[in-house]
Amino acid sequence: MMQPYNDPTFADVDSHTLKQWLHDGREIALLDVREHGQYGESHLFYAAPVPYSRLEVDIVRLAPRRGVRVVVYDEGGEDDTAARAARALGVLGYTDVHRLAGGIAQWQRDGYAAFAGVNVPSKTFGELAEEVFHTPRIGARELAERQRRGDDLIVLDGRPFAEYQKMSIPGGICCPNGELALRAHTLAARPDTTIVVNCAGRTRSIIGAQTLINLGVPNPVYALENGTQGWYLEDLQLEHGARRRYPDDVTPEDVPALAQRSAQLAQRHGVPSANAGQVQDWLRDPQRTTFLCDVRSAEEFAKGSLPGAQHAPGGQLIQATDQYIAVRGARIVVFDGEGVRAPVVASWLRQMGWDACTLEEGTGAVLAHAPALPEAPALALLSDAALADVLKQGAQIVDIRPSMRYRASHVAGARWSIRPRLHRLALDPARPVVLLAEDAALAAWAARDLAALGIDDVKANTGTPNSWSAQGISLETTPADPPDSDCIDYLFFVHDRHDGNKAAARQYLAWETNLVKQIDDRERAAYRFPAS
């Protein structure tokens, strides 16, 4: 039998005190523990999204030091998600946990701003960067005309390959922003070739183009204004499923000059470096949080990395910092294998206000530290064949996969739920329950919550609609079930802009360009752009 959580104490903090804490220079992890859709509709500027449904799985990666000051919040009112999250953090050994009294509702009643969307600090930074550096840009119509004329130009898509494949500019080549310093010279070998950098919207277009300009490439460089959305809004045709990408190999003879160029850029932005011994001491320091980030490609990371390092490809670490680092005021150590990419990434992180440095030895460093991860509770896993059997015996089936996956295809008769709302299901404690999940660990933590509700006979299955169907299990599709109002894990605001909805695309771009007007003086002052 799984034991319910203990109830370690946590302190409430009011909105005014929290606002001071966010700017007092000490480390703080501000965690929005609501689900992704709720977070995206409205959240605090510095909040990291750590949904309660994934809390134990993600928290050590996002806030590894157990003594860090933590503040959790939810909707407020009758929502008790923050309290449950605070108790869960206490069980995991976090010792300085607070709950925002009254949640985000009280925060707003007290006169403080809330922000829609995702990756808000990073996207705000991109808009400010365009203002500060006057990054050159080109409109979709002009680019299309120049392509039609056969001008000497190349379009580099600064997003990861999976995003690029969904939709891209015709002829564009995938070269994620974090790879530009190492690979752009092979893609645009002629100094007269115009380089246009694009993303889906604005931030990575701006940062990618400005990266090349900051590095001093001789080519004319532009950001594609409003990215693929701008292209679509001009009624231009996007490509889908393109597979063009940068070549994997870099000529070894080119690397020293590229590394020198990156080092000069880092020096201009005051990027320090640290050796492995210093970083090892930092990682063991119980008073300060240090993140170790491998900014190389996914393929390189998969071949091996340093102990305790998380994969944070450089362009994404800048674009979505809050998805990798939840501790404001923490130290970030970035590294690569050749000394070209990491200094560039660190230069941007420092401008964003982070205490970032490079690791001198890169992937050659000898480190022996890795944070201890929480062990998921034991939970029996059923095979697909066993699932078919228990279905016949009348087991209660609860599908905790993402809501859009459930809508697309699920086991007939299964009910959809999400971890913070399992208590609403009114399950029969006398009948077995099977959780359908994409991740066994997520199911195990959800099962612990069910144990606290008196549901003890719980198992899990991590199959797929295809594997279920192969066992003769009946499936069904319900495009409107769960209803939109229950899909708290899905942010319609972001996804609709890519689904043929021009109004959503315009709304998104207006939101992005308006971010700078929403932040206050202290939030703006946290960014550290060059004086000139």
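Residues numbered from 1 in each chain as written. Predicted model: local features only at pLDDT ≥ 70, side-chain atom pairs only at ≥ 80, totals over all residues. Heavy atoms only, no water.

Within an unreviewed UniProt entry, the label attached to the chain reads Thiosulfate sulfurtransferase GlpE, and the organism entered is Achromobacter mucicolens.

(A) View of the pattern of salt bridges. Under the definition given, this model contains 42 salt bridges. Among the ionic pairs, Arg419 bridges to Asp449, the shortest N-O distance being 2.8 Å. Here the residue Arg419 occupies a position in the loop between strand S19 (415–416) and strand S20 (433–436), and Asp449 occupies one in helix H19 (residues 440–452), the gap between them amounting to 30 residues. Between Asp486 and Arg421 there is a salt bridge, with the nearest N and O atoms lying 4.0 Å from each other. Separated by 65 residues along the polypeptide, Asp486 in the loop between strand S22 (475–476) and helix H21 (492–495) and Arg421 in the loop between S19 and S20 bring together distant segments of the chain. Under the relative-accessibility criterion, Asp486 is labelled partly exposed at 31%. (Salt bridge = Lys/Arg side-chain N within 4 Å of Asp/Glu carboxyl O. Helix = DSSP H or I, 4+ residues; strand = E, 2+ residues; numbered from the N terminus. Buried < 20%, exposed > 50% of the residue type's maximum accessible area, 1.4 Å probe, protein only.)

(B) Looking closely at the pairing of strand S9 (residues 194–198). Here S9 lies mainly inside the structure; 5 of its 5 residues are buried. Side-chain alternation along S9 places Thr194, Val196 and Asn198 on one buried face and Ile195 and Val197 on a second face that is also buried. Bridging between S9 and strand S10 (residues 221–224) involves 3 bridges; their strand directions are parallel. Looking across to S10, one finds that Val197 is bridged to Ala223. Once you follow S9 into helix H10 (residues 203–215) and on to S10, the crossover reads as right-handed. (Pairing = 2+ DSSP bridges. Right-handed = clockwise from strand over helix to strand, strands pointing away.)

(C) Seen up close, the sheet that holds S10. The strand order across the open sheet formed by 5 strands is S6-S10-S9-S7-S8, and the pairing between neighbours is parallel. The two strands at the open ends of the sheet, each matched to only one other strand, are strand S6 (137–138) and strand S8 (173–174). Here 2 bridges tie S6 to S10, and the two strands are oriented parallel to one another. Each residue of the ladder has a partner; that of Ile138, found in S10, is Leu224.

(D) Fine view of the layout of surface pockets. Looking at the second largest pocket, its volume works out to about 530 Å³. Lining the second largest pocket are 30 residues, and of these Tyr46, Arg328, Gly329, Gly353 and Trp354 lie nearest its centre. At the level of elements, helix H6 (120–133) and helix H23 (521–525) are the ones that each hand at least two residues to the lining of the second largest pocket. Class assignment for the residues of the lining of the second largest pocket results in 14 nonpolar, 7 polar and 9 charged. (1 Å grid on protein atoms, 1.4 Å probe; cavity = no way out; pocket = protein on both sides within 12 Å on 5 of 7 lines; lining within 4 Å. Points joined across faces, edges and corners; volume = space filled by probe spheres on them. Nonpolar A, V, L, I, M, F, W, Y, C, P; charged D, E, K, R; others polar.)

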